[in-house]
Amino acid sequence: MDRPPPAHDPAVTDRWHVVAPAGTACATTLLGEPIEVCADGSVRVAGGGAALAACNAHGYVWASFGTPLALFDIAELAEPDRRTLHAASIGVATSAPRAIENFLDMGHFPFVHDGILGAEPFTEVKDYDVALDEAAGEILATRCRFFQPMAAATSSGGADVDYIYRVPHPFCAVLYKSSGLDPSRNDVIALFVQPTGEESVIAHMLLSLLDDNNDDAAIRRFQQTIFAQDKPILESQWPRRLPLDPRAETPIRADKSSIVYRRWLAALGWRYGVIPAGG
C-alpha cells in the first residue's frame, strides 16, 4: 500500500506541533499548510478553513492536523522561583531534524560559540551516556560535561558545566544545564521546532532559569546571541533534510546523540524533514 505524502503521514500529523507563543495572534505555516493562530489559542486553516486540534502548554500554542498523542511534560516549569520566559522565535532555512541534531551537538561549542559556550583548546567531548527510553518514547543523554567560558547570563567565569539532553518529541529537545546559582538544580532551555515546511522551520526558544540578577531583556539577548551564531551554520548544512542512512555521515563520539536520534526517527518510520535510508 502506498504511504501518504510526508506532510499527511499520521506519524507526523498525529503529533502536537508548536505554532506560536501563547497569547499571540498570527498567520503562520505548519507542515506546508497556511494556518491562523488566534490570541485565545484556537487554530484553523487559513482562509476560514477547518479548525485544528489546539492546546496551550509550556507557554506556547500547539496544534495538530490529526489525533495527537499526549504532549510531554516539563516538570520544572511548575517551580515558582524560576524565571520562565519565551526567548525568541527565529525562522531558519533547514529541516526540523537538522535543528534538533544541532541542539544536541556539543562538539560545535568551541568553534561556533567561541568565548561563550566553548573555547579552544577545550574541544574534547567527554564520553557520555545516551539511550532511547522506548516506554517513555524519548531520548535521554546523561553525564554530558563541557568547559564553557560563559555558560549563562549569570556566569562570572569559565567552568565545567553538566548537561542532560532530552528529546521527548521528534521536533523538540530540552536541555537541563547545571545552575551557577544553585548546583543542586538545573536551568532548563527548550527548543520547540515548528516545521513550516520540510526544509524550513521556526525555532521557538523557552527558558526556565534560576536567575535573580538579570532582567528579561538581558536573558533573551544572551540566548538570541547563541542562536544567531547557530543559524548560518544550520543554513549551510546540506542536504537540509537529515539523512537517516547510517552510512551517509561518518559518526564520531561527539555524534552519539545524533546516532540514537537518527535511529529513533528511522524506527518511527519518520519521513518528514529526513532522507529515509534507501530513499
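If you're wondering where the values come from, they're calculated on a predicted model, not measured in any experiment.

Enquirer: How would you explain the overall build of the protein if you had to name every residue and give the values?
Expert: Helix and strand content of the protein: five helices and 15 strands. Taking 279 residues into account, the globule formula puts the C-alpha radius of gyration at 19 Å, and the protein, at 18 Å, falls close to it. Taken across its 279 residues, the protein has 47% of its residues classed as buried. Taking contacts inside the protein between residues at least 6 apart in sequence as the whole, the part at least 24 apart equals 63%. For the protein, the accessible surface area stands at approximately 12,300 Å², while carbon and sulfur atoms represent 53% of it. Charge centroids of the protein, computed over 23 positive and 35 negative side chains, lie 3 Å from each other.

Enquirer: Got a sec to walk through the pairing of strand 8 (residues 129–133)? Specific residues and values, please.
Expert: Relative to strand 9 (residues 138–148), strand 8 runs antiparallel, the two sharing five bridges. Bridge assignment links Leu132 to a residue of strand 9, and that residue is Ile139.

Enquirer: Residues and numbers for the nonpolar core, please.
Expert: Grouped together as the largest cluster of nonpolar side chains are 62 residues, with contacts concentrated most on Tyr165 and Tyr261. Dropping the residues within four chain positions of it, Tyr165 is found in contact with Phe103, Leu104, Met106, Phe109, Ile139, Leu140, Ala141, Cys144, Val174 and Leu175. The next biggest cluster of nonpolar side chains, apart from the first, holds 14 residues, and it includes Trp62, Cys172, Val174 and Phe192.

Enquirer: Give me the lowdown on the sheet that holds strand 11 (residues 172–178), citing residues and values where you can.
Expert: Strand order in the open sheet formed by seven strands is 7-13-12-11-10-9-8, with antiparallel pairing between adjacent strands. Each edge of the sheet is formed by a strand with only one pairing partner; in this case those strands are strand 7 (83–92) and strand 8. When the angles between neighbouring strand axes are averaged without regard to direction, this sheet yields 20 degrees. Pairing geometry for strand 9 and strand 10 (residues 159–169), over eight bridges, is antiparallel. Within strand 10, the position partnered with Gln148 by the bridge is Ala159.

Enquirer: I'd love a proper account of the sheet that holds strand 3 (residues 33–37), names of residues and values included.
Expert: Think of a sheet as strands paired side by side through backbone hydrogen bonds, with each pair either parallel or antiparallel. Reading across from one edge, 2-3-4 is the order of the three strands in this open sheet, with antiparallel pairing throughout. What marks the edges here is a single partner per strand, and that holds for strand 2 (26–30) and strand 4 (43–45). For this sheet, the mean inter-axis angle between neighbouring strands, taken without regard to orientation, is 35 degrees. Bridge count for strand 2 against strand 3 is five bridges, and the pairing is antiparallel. When the bridges of strand 3 are listed, Ala27 appears paired with Glu36.

Enquirer: Explain the side chain of His58 to me, using residue names and the numbers behind them.
Expert: Relative to the assigned elements, His58 resides in the loop between strand 5 (53–57) and strand 6 (60–64). Under the relative-accessibility criterion, His58 is labelled buried at 15%. Within the local environment of His58, its side chain forms a polar contact with the backbone oxygen of Phe72, the two atoms lying 2.9 Å apart. The contact partners of His58, leaving out residues within four places of it in the chain, are Leu71, Phe72, Asp73, Ile74, Leu77, Phe192 and Leu206.

Enquirer: I'd love a proper account of helix 2 (residues 96–104), names of residues and values included.
Expert: Every α-helix carries 3.6 residues per turn, so stepping three or four residues along brings you back to the same face. Counting buried positions along helix 2 gives nine out of nine residues, so the element sits mostly inside the fold. For helix 2, the complete set of buried residues consists of Ala96, Pro97, Arg98, Ala99, Ile100, Glu101, Asn102, Phe103 and Leu104.

Enquirer: Break down the packing of helix 2 against helix 5 (residues 256–267) for me, citing the residues and quoting the values.
Expert: The description of two packed helices rests on the angle between their axes and on the distance between the axes. Orientation of helix 2 relative to helix 5, taken along the N-to-C sense of each, is 150 degrees, at an axis distance of 9 Å. Taken together, helix 2 and helix 5 sit at an angle that is classed as roughly antiparallel. Of the two elements, helix 2 crosses helix 5, and the hand of that crossing is right-handed. Mapping the contact onto sequence places Pro97, Arg98, Ile100, Glu101 and Leu104 in helix 2 and Ser257, Ser258, Tyr261, Arg262 and Leu265 in helix 5.

Enquirer: Lay out the pattern of salt bridges in plain terms, naming residues and giving numbers.
Expert: What the rule picks out here adds up to 13 salt bridges. The salt bridge involving Asp9 is made with Arg271; its shortest N-O contact spans 3.6 Å. Taken as a pair, Asp9 in the segment before helix 1 (10–13) and Arg271 in the loop between helix 5 and strand 15 (274–275) lie far apart in primary sequence, 262 residues in all. Judged by relative accessible area, which is 5%, Asp9 ranks as buried. For Arg271, a relative accessible area of 21% gives the class partly exposed. Between Arg241 and Glu199 there is a salt bridge; the shortest N-O distance is 3.7 Å. With Arg241 in the loop between helix 4 (216–236) and strand 14 (242–243) and Glu199 in the loop between strand 12 (186–197) and strand 13 (200–209), this pair connects stretches of sequence that are 42 residues apart. Judged by its relative accessible area of 32%, Glu199 is partly exposed. What you see here is one network of salt bridges that share partners, running through Glu79, Asp81, Arg82 and Arg185.

What counts and how
- Residues numbered from 1 in each chain as written.
- Predicted model: local features only at pLDDT ≥ 70, side-chain atom pairs only at ≥ 80, totals over all residues.
- Heavy atoms only, no water.
- Helix = DSSP H or I, 4+ residues; strand = E, 2+ residues; numbered from the N terminus.
- Rg over C-alpha atoms; globule rule 2.2 N^0.38 Å.
- Buried < 20%, exposed > 50% of the residue type's maximum accessible area, 1.4 Å probe, protein only.
- Contact = heavy atoms within 4.5 Å.
- Areas by Shrake-Rupley, 256 points an atom, 1.4 Å probe, with all protein chains shown as cover.
- Lys, Arg positive; Asp, Glu negative; His and termini not counted.
- Charge placed at Lys NZ, Arg CZ, Asp CG, Glu CD.
- Pairing = 2+ DSSP bridges.
- Core = buried A, V, L, I, M, F, W, Y, C linked by side-chain atoms within 4.5 Å.
- Axes fitted to C-alpha atoms, helices over the stretch in contact; angles between N-to-C directions.
- Polar contact = N/O pair within 3.5 Å; in protein donor to acceptor, adjacent residues only side chain to side chain.
- Parallel < 35°, antiparallel > 145°, perpendicular 65-115°, else oblique.
- Left-handed = near helix turned anticlockwise from the far one by under 90°.
- Salt bridge = Lys/Arg side-chain N within 4 Å of Asp/Glu carboxyl O.

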